[in-house]
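What the coordinates show
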Amino acid sequence: MKIWARALAGWWLAALLHPALGAPVEDGYDLWLRYRPLPAALQQAVAARATQVLAPAPGSASVQAAVQELVRGVTGLTGRAPRVGGPLRPGALVLATPATAPSGLTLAWADLGREGYWLRSERLQGRRVTVIAANSDVGLLYGSFAWLRAAQTGADLARLDERSVPRLSLRLLNHWDNLDRTVERGYAGASIWDWWKLPALRDARYTDYARANASLGINGAVLNNVNAKAESLTAPYLAKAAALADVWRPYGVRVYLSARFSAPKELGGLPTADPLDPAVRAWWQAKADEIYRLIPDFGGLLVKANSEGQPGPQEHGRSHADGANMLAAALAPHGGVVLWRAFVYEPEARDRAAQGYAEFQPLDGRFAPNVIVQVKNGPIDFQPREPFHPLFGAMPRTPLALEVQLTKEYLGFSTHLAYLGPLFEEVLRADTHHTAGDPRVSRQISAMAGVANIGTDRNWCGSHMDCANWYAFGRLAWDTDLGAEAVAREWIRQTFTTEPRAVADIGVLMADSREAVVDYMTPLGLHHLMGTGHHHGPAPWVDNLERADWNPVYFHRAARDGIGFDRSPRGSNAVGQYAPALAARWADPATTPEPLLLWFHHLPWEHRMASGRTLWAELVARYDRGVERVAAMRTRWAGVRDAVDARRHAEVAAYLAVQEDEARWWRDACVAYFQSVSGLPLPPGTRPPAESLEAYKSRRFRFAPGHGG
Ligand code: GCW
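Residues numbered from 1 in each chain as written. Predicted model: local features only at pLDDT ≥ 70, side-chain atom pairs only at ≥ 80, totals over all residues. Heavy atoms only, no water.

For the rest of this paragraph, the subject is the overall build of the protein. Of regular secondary structure, the protein possesses 20 helices and 14 strands. Across its three principal directions, the C-alpha atoms of the protein cover 80 × 65 × 65 Å. By residue count, 60% of the 709 residues in the protein fall in the buried class. Considering only contacts in the protein between residues 6 or more positions apart, those separated by 24 or more positions represent 73%. By element, 55% of the accessible surface of the protein is carried by carbon and sulfur atoms, the whole surface being about 26,600 Å². Positive and negative side-chain charges of the protein, numbering 76 and 72 respectively, have mean locations separated by a distance of 5 Å. (Helix = DSSP H or I, 4+ residues; strand = E, 2+ residues; numbered from the N terminus. Buried < 20%, exposed > 50% of the residue type's maximum accessible area, 1.4 Å probe, protein only. Contact = heavy atoms within 4.5 Å. Areas by Shrake-Rupley, 256 points an atom, 1.4 Å probe, with all protein chains shown as cover. Lys, Arg positive; Asp, Glu negative; His and termini not counted. Charge placed at Lys NZ, Arg CZ, Asp CG, Glu CD.)

Structure below.
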């Protein structure tokens, strides 16, 4: 008894002395939906525009979620709870669909589509109010989140007129989560899907996940890894998926599954998975019917076929189109889609970068209408920088999805800070030079998929900063024309602080971060120099893997004579897969942008760069610059200490220290290795690598996360 009493007293004392007493401890769980009190002046302005929440009654689950979120948000931000319902008051937030619109409200409803919303300051019945209008209840939820964002980002709430409609109909997270709760390329703990306890336990976290997604407009999630197990399509697992679908329905988040192409053999006992075989087709049809009985709004199936050992139609002498169309036929009666991935490469291929286009472009026009071909942003594999994939703009008769990776498999996992908004923006804005209509990649796609970086870590993404990548993905998928830097500032204001100088400084730090990674890992168009399997750290020397195109030496081709992969017409001619105007530009080193130079060209070490330096000196300078950039990021972060709560500040600072250390390791190991190949002295004034090349080569990381084994 005595011990307990003392322990309790000690606890109380510690709690009383805690500096953050009164304020909840910030552990990152609340993401950008924290709703902490705004500065006093802003509180007034927000409270005056949110005295009341009026919604159609009886509200659907989506409308109830919208009302709850507004009440929660306004109460948190201003300390005052708005009244719900009652006669219209000045300062009300009025949720309205065409069926429930208050008299006196005229809007061009048709312009809003199914998911869009309109936030508008109006005078209704003589009172100044804000209307949140949409054609659907989910649209009202999106609009409510948008209003809360506006309130936190300093918009003039008395004069709102914001109409927003997503151009891409599908905005999906792809989880590479396995049924044993490991996550392929996951750096944020285990899978958040507790398969074992589902469907009985509907963890509160599933609801918060849906809230976060809905706040951005993400409208679907593929639950399981594209390296799929057939079991995910069995009745027990479908019941688990159905439980998640039930939780997410009010939030407009639909469930999708990855499908293993050979499931009819593995689960159905059929002798073949040939997509033209009637028994196989019947098996998939029955499976689709079963899924839709449990999940009437099931989104569809994602398939990785004939890629990295996954089964597919080619084993049966059929094409990707045959395989995709067979699944599409099974889903079509229910309104589902097939997302068929174009990530393929063969051991014998002359150039791995050319394989996806070679296999898929000739199939343009041969896919069923409910097939979407899902294409990674670049032709190799989620590298710190790649040119956009040549399939964008080259398949005008096929809907395409742009797949980006939020989990940073090749950008330092969750311990390196790399804000990916600029990467997404770079690819969305890339000019494909295909002339039909608007040539930008953003106009050549109809869906966007982000490989999720979410796990059981309390802060969801393994680092506070990585949540910005989830956020930026959602925002840019909703509005592909948004600027990544503006999106970062929105996120900072909601996540960390509204103090203007700190917002600006963190914004600069984030804006520079991806380019810093490019510099210290893979400058000037280099790619895939990462450690074998786990992809942690530098390993440009690796040349002994069973497949040529898994080896870093395959990608950089450094030798005495120079460095880089010749993809010009003199080499693999992968450049010829781009539209002619672009192909001509990138075929010539003189007109290839330096960030892509060694992607397309093999050049002598003495090649003269724009800076006047030789290629060798430039390469070393870029590696140095990468390390300097990370040092500058650290300094900047140290400078915002007063504006960010202690715990999260310290956690980000700790990771930045790791990043600086590892940036130096990357720089030193790569400089040491490339020097051993070029045989050239280090440019004058250059710091020699800290350790020998052999020492770098001997580092092992058996238990690096995200890789298994
Ligand atoms: O980048 C590679 C990853 C694999 C992944 C594959 C893919 C899911 O290293 O882990 O497998 O891409 O996108 O299919």
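From this point, the narrative continues.
Each aromatic ring pair is specified by the distance between its two centres and by the angle formed by the two planes. Evaluated as defined, the whole model comprises 32 aromatic pairs. Here Phe 496 and Trp 637 contribute two aromatic rings whose centre-to-centre distance is 5.5 Å and whose plane-to-plane angle is 65°, an arrangement assigned as edge-to-face. Residue Phe 496 is located in the loop between helix H13 (484-495) and helix H14 (500-521), and its partner Trp 637 is located in helix H18 (residues 615-639); the two are separated by 141 residues in the primary sequence. Neither residue differs from the other here; Phe 496 and Trp 637 are each classed as buried. Here the aromatic residues Tyr 29, Trp 32, Trp 193, Tyr 206, Tyr 209, Trp 248, Trp 460, Trp 470 and Tyr 471 are joined through ring pairs into a cluster of three or more. Over the aromatic face of Phe 565 sits the side chain of Arg 557, whose NZ or CZ is 3.9 Å from the ring centroid. In this structure, Arg 567 is placed above the aromatic ring of Phe 565, and the distance from its NZ or CZ to the ring centre is 3.8 Å. (Phe/Tyr/Trp six-rings, centres within 6.5 Å; stacked < 30°, edge-to-face > 60°. Lys NZ or Arg CZ within 6 Å of the ring centre and 35° of its normal.)

Attention now goes to the pairing of strand E10 (residues 300-303). Every other side chain in a regular strand lies on the same face of the sheet, so the side chains alternate between the two faces. Of the strand pairs in this sheet, strand E9 (residues 254-258) and E10 are connected by three bridges, and their pairing is parallel. Across the sheet, residue Tyr 256 finds its bridge partner in E10, namely Gly 300. For the handedness criterion, the β-α-β arrangement of E10, helix H9 (residues 320-331) and strand E11 (residues 337-341) is classed as right-handed. (Pairing = 2+ DSSP bridges. Right-handed = clockwise from strand over helix to strand, strands pointing away.)

For the rest of this paragraph, the subject is the sheet that holds strand E6 (residues 161-164). By definition, the strands of a sheet pair up through backbone hydrogen bonds, in either a parallel or an antiparallel sense. Spatially, six strands are ordered E2-E1-E3-E5-E4-E6 in an open sheet, and the strand pairing comes out mixed. On the outer flanks of this sheet lie strand E2 (83-84) and E6, each paired with one strand and no other. As judged from the two bridges shared by strand E1 (residues 52-54) and E2, these two strands associate in the parallel manner. What sits directly across from Gln 52, in E2, is Arg 83.

End to end, H14 covers 32 Å across 22 residues, agreeing with the expected 32 Å (1.5 Å per residue, within 8%). Helix geometry: H14 is bent most strongly at Ser 513, by close to 35°. (Expected span 1.5 Å × (residues − 1). Bend = angle between axes of the 7 residues up to and from the residue.)

Glancing now at the packing of helix H6 (residues 235-248) against helix H8 (residues 278-294). It is at 9 Å that the axes of H6 and H8 come closest, and there the two elements cross at 40°. H8 is crossed by H6, and the crossing has right-handed handedness. Packed against H6, whose contacting residues are Ala 235, Leu 238, Ala 239 and Ala 242, the element H8 presents Lys 287, Glu 290, Ile 291 and Leu 294 at the interface. Counted by class, the contact of H6 with H8 contains six nonpolar, no polar and two charged residues. (Axes fitted to C-alpha atoms, helices over the stretch in contact; angles between N-to-C directions. Left-handed = near helix turned anticlockwise from the far one by under 90°. Nonpolar A, V, L, I, M, F, W, Y, C, P; charged D, E, K, R; others polar.)

Strand order in the closed barrel formed by eight strands is E7-E8-E9-E10-E11-E12-E13-E14, and the pairing between neighbours is parallel. Along the sheet, successive strands turn relative to each other by an average axial angle of 25°, direction set aside. In terms of strand pairing, E10 meets E11 through four bridges, oriented parallel. Residue pairing across strands places Val 303 opposite Trp 340, the latter belonging to E11. Contacting E10, E11 and strand E12 (371-376), H9 runs over the sheet at an angle of about 160° to E11.

Another point: the state of the cysteines. Counted according to the given criterion, the structure contains zero disulfides. Cysteine Cys 461 is unpaired, with the sulfur of Cys 467 as its nearest cysteine sulfur at 3.2 Å. (Disulfide = S-S within 2.5 Å.)

This next bit is on the pattern of salt bridges. With the rule as written, the count across this model stands at 54 salt bridges. Between Asp 274 and Arg 318 there is a salt bridge, with the nearest N and O atoms lying 2.9 Å from each other. Of this pair, Asp 274 sits in the loop between helix H7 (263-266) and H8 while Arg 318 is found in the loop between E10 and H9, placing the two residues 44 residues apart along the sequence. A residue is classified by how much of its surface remains accessible, and Arg 318, at 28% relative accessible area, is partly exposed. Between Arg 567 and Asp 351 there is a salt bridge; the shortest N-O distance is 2.8 Å. Taken as a pair, Arg 567 in the loop between helix H15 (552-556) and helix H16 (580-586) and Asp 351 in the loop between E11 and helix H10 (355-360) lie far apart in primary sequence, 216 residues in all. For the residue pair Arg 567 and Asp 351, the accessibility class agrees, reading buried in each case. Overlapping salt bridges, with partners in common, bring together Glu 26, Asp 30, Arg 34, Arg 36, Asp 645 and Arg 648 in one network. (Salt bridge = Lys/Arg side-chain N within 4 Å of Asp/Glu carboxyl O.)

The next subject is the nonpolar core. The biggest cluster of nonpolar side chains holds 217 residues, and the ones touching the most others in it are Trp 147, Trp 248, Trp 284, Trp 470 and Phe 674. Tallying contributions element by element places helix H19 (residues 646-678) first for this core, with twelve residues. Leave out the neighbours within four places in its chain, and Phe 674 touches Leu 526, Leu 529, Pro 540, His 556, Ala 558, Ile 563, Trp 605, Trp 616, Leu 619 and Tyr 623. In this structure, Leu 54, Val 129, Val 131 and Ala 133 belong to the second largest nonpolar core, which totals 14 residues. (Core = buried A, V, L, I, M, F, W, Y, C linked by side-chain atoms within 4.5 Å.)

What follows concerns the site of the ligand. For the ligand, the set of nearby residues contains 15 residues, the closest of which are Glu 184, Lys 304, Arg 341, Asp 381 and Glu 409. The side chain of Glu 184 places a nitrogen or oxygen atom 2.4 Å from an oxygen atom of the ligand. Measuring from an oxygen atom of the ligand, one finds a side-chain N or O atom of Arg 185 at 2.9 Å. Protein chains bury 97% of the 340 Å² of accessible surface belonging to the ligand in isolation. (Near = heavy atom within 4 Å. Polar contact = N/O pair within 3.5 Å; in protein donor to acceptor, adjacent residues only side chain to side chain.)

The next point concerns H19. The end-to-end C-alpha distance of H19 is 47 Å, a good match for the 48 Å that 33 residues give at a rise of 1.5 Å each. Where H19 ends, the next residue or the one after it, Gly 679, has phi of about 70°, a positive value.

Okay, the pairing of E12 next. Where burial is concerned, most of E12 is hidden: six out of the six residues are buried. Here E12 shows two buried faces, one formed by Val 371, Val 373 and Val 375 and the other by Ile 372, Gln 374 and Lys 376. Pairing between E11 and E12: four bridges, direction parallel. Its bridge partner being in E12, Val 338 is matched across the sheet by Val 371. One ladder, built from four bridges, connects E12 with strand E13 (residues 400-405); its direction is parallel. Residue pairing across strands places Val 373 opposite Leu 400, the latter belonging to E13.

With that settled, consider unusual backbone geometry. Following Ala 57, the chain continues into Pro 58 via a peptide bond in cis, with omega recorded as -5°. Along the polypeptide, Pro 58 turns up in the loop between E1 and helix H3 (61-78). Following Leu 198, the chain continues to Pro 199 via a peptide bond in cis, the omega torsion being 0°. For Pro 199, the location among the structural elements is in the loop between strand E7 (170-174) and helix H5 (204-216). Unusually for a residue other than glycine, Asn 306 sits at a positive phi of about 50°. Structurally, Asn 306 is set in the loop between E10 and H9.

Next up on the list: the packing of H18 against H19. Relative orientation of the contacting elements H18 and H19 amounts to 170°, with a least axis distance of 9 Å. Between H18 and H19, the crossing angle belongs to the class labelled roughly antiparallel. Of the residues assigned to the contact of H18 with H19, the class counts are 19 nonpolar, four polar and six charged. (Parallel < 35°, antiparallel > 145°, perpendicular 65-115°, else oblique.)

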